[in-house]
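One letter stands for each residue in the lines below.
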Amino acid sequence: MRTVKEQEILALAPNAGAVSNARKISSSGGFVTRTRSGDDTFYMGECKGSGKKNYIVSADYVDEAQPVFRCTCPSRQFPCKHSLALLFEIAGGKEFAVGDIPQDILDKRQKKEAREAKKLAGDTKKPATDRSAKAAKAARIKKIKKQLEGLELLRQLTDKLMNWGLASMRSASLINYRNLAKQLGDYYLPGPLVYLNRLILEMEGYQKDHNPVRLSRCVEILKKLRALEKKAVAYLNEKLETDSPQADDDELYEEMGGIWKLEQLCDLGLKKENARLLQLSFQVIYDEARKEYIDLAYWADLDTGEICHTCNYRPVKALKHVKQEDSCFGVLRIPVLAYYPGKVNRRVRWSGAAFEDAGEEVYIGLMDRAYQDLAAAAKAVKNEIKNTLSDDFCPVMVFFDKIGMVADGDKRVFAAVDRAGNRVELRSRQGLKDTTPVLPMIPDRAFLENGVVFGLMYYDAVDRKMCLYPLSLVKDRGILRLLY
């Protein structure tokens, strides 16, 4: 009989309410009958509901990475609570009578196989006519020209701020900057729009608290904004000159309003087959500049040690329509892993995955992929963040000899010390929840000695030193997360 882990059920659930209701259905004996196929690819149950007839619920595992759930209930949630309850029945080891797979399910499988065969043969889409291809190309060129107009407005703004200084962003004039930010949305420039919103937020904060650190942040944002404007103009003009407005593997494509589809990334060769990922950390961040909640997870490729991340954006205006992601504690085996363009800490996506247990050998292998000392990690991070448009941090896994309080001038701070005696201060970052208060409360003190720390390494411009925002501690027995 199939083994279903609770982690899989939680990952599939549309929300916490559906999980809670599914548990109640399963624990209260909601299923009248339960059957499964002899090959363990199909499970079905008859479940009592609020209607006159019982609901017929099924889970089809003919494709392990992408199981198909069906239910005769009228719910618009997917999977519905009855489908999740069926999974809880399997996970609970309930008895399922062995039977034949219904003919309508076999027919649906055949249709799906036919669609997949056409997809592999490249016949899923009708060949574009010359007329439609020309229209699509003309639309892309029109969009690029509109973006160049918006970038010219942005250039005028950055020139003004460079010449007049940030002091010109007074309370009254901030209204004009907000209006410009709205205009950038009309010019298909989401990347510059976010930077400009960050600049406005920092200046608003400075006018309230007069903290000089905010001015330093404004300068850094302005530098990024100017660099992005210059590179974007060159990038878009080249597309017009070479008559190639279609998507490419340049990071600026998304910054300039491009939206990636999974198929596009795979077609560009930005993919890996049979990938194995283990989640290192998970957190929910609110981004005021974007007006979005971001479910951010960092993952380690167990074959290469490469660190990547996933982002689930949930706009404030559409929170109830976008499912929140959650922590994942097992190994994900992914048939096709798609990468976004980039070099370090790339964003990844996938459409289906199977869950596996993470044993001791997984954690030992993960530790082998970490930097062996702090000096090597700091050098790699410095080489990456010196690029103006790069993030001002890098996720790293690095060995430490011990973690604890050390003297730093007239104060004591948390620090990780490696075998060579090098140390890095452990501290939080702006806008992120501080994890260091958790360190003294860790019950198993062995996690604070001879292990690997995963976190975000960055340069603190005020104190002029490299720091590490710790997120997880790794030992051969598992990962201890400092958040979620």
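For clarity, every value in this text was computed on a predicted model and none was experimentally measured. (Residues numbered from 1 in each chain as written. Predicted model: local features only at pLDDT ≥ 70, side-chain atom pairs only at ≥ 80, totals over all residues. Heavy atoms only, no water.)

1. Details of the packing of helix H2 (residues 16-27) against helix H3 (residues 81-91)
Working step 1: With their axes 8 Å apart at the nearest point, H2 and H3 run at an angle of 55 degrees to one another. Regarding the angle of H2 to H3, the classification is oblique. Crossing angle aside, the handedness with which H2 passes H3 is right-handed. On H3, the residues touching Ala 18, Val 19, Asn 21, Ala 22, Arg 23, Ile 25 and Ser 26 of H2 are Lys 81, His 82, Leu 84, Ala 85, Phe 88 and Glu 89.
Working step 2: Class assignment for the residues of the contact of H2 with H3 results in seven nonpolar, three polar and three charged. (Axes fitted to C-alpha atoms, helices over the stretch in contact; angles between N-to-C directions. Helix = DSSP H or I, 4+ residues; strand = E, 2+ residues; numbered from the N terminus. Parallel < 35°, antiparallel > 145°, perpendicular 65-115°, else oblique. Left-handed = near helix turned anticlockwise from the far one by under 90°. Contact = heavy atoms within 4.5 Å. Nonpolar A, V, L, I, M, F, W, Y, C, P; charged D, E, K, R; others polar.)

2. Things to note about helix H8 (residues 212-241)
Working step 1: Over its 30 residues, H8 extends 44 Å from the first C-alpha to the last, a length consistent with the 44 Å expected when each residue adds 1.5 Å.
Working step 2: The opening residue of H8, the one whose side-chain oxygen lies 3.0 Å from the backbone nitrogen of Val 213, is Asn 211.
Working step 3: Directly after H8, the chain includes Asp 243, whose backbone phi takes a positive value near 55 degrees. (Expected span 1.5 Å × (residues − 1). Polar contact = N/O pair within 3.5 Å; in protein donor to acceptor, adjacent residues only side chain to side chain.)

3. As for the environment of Ile 294
Working step 1: Locating Ile 294 in the fold gives a position in strand E7 (residues 292-301).
Working step 2: Note on Ile 294: relative accessible area 10%, which makes it buried.
Working step 3: Through-space distance from the C-alpha of Ile 294 to that of Asn 312 is 5.6 Å; in sequence the pair is 18 residues apart.
Working step 4: Once residues lying within four places of it in the same chain are set aside, the contact partners of Ile 294 are Gln 283, Val 284, Ile 285, Asp 287, Cys 311, Asn 312 and Tyr 313. (Buried < 20%, exposed > 50% of the residue type's maximum accessible area, 1.4 Å probe, protein only.)

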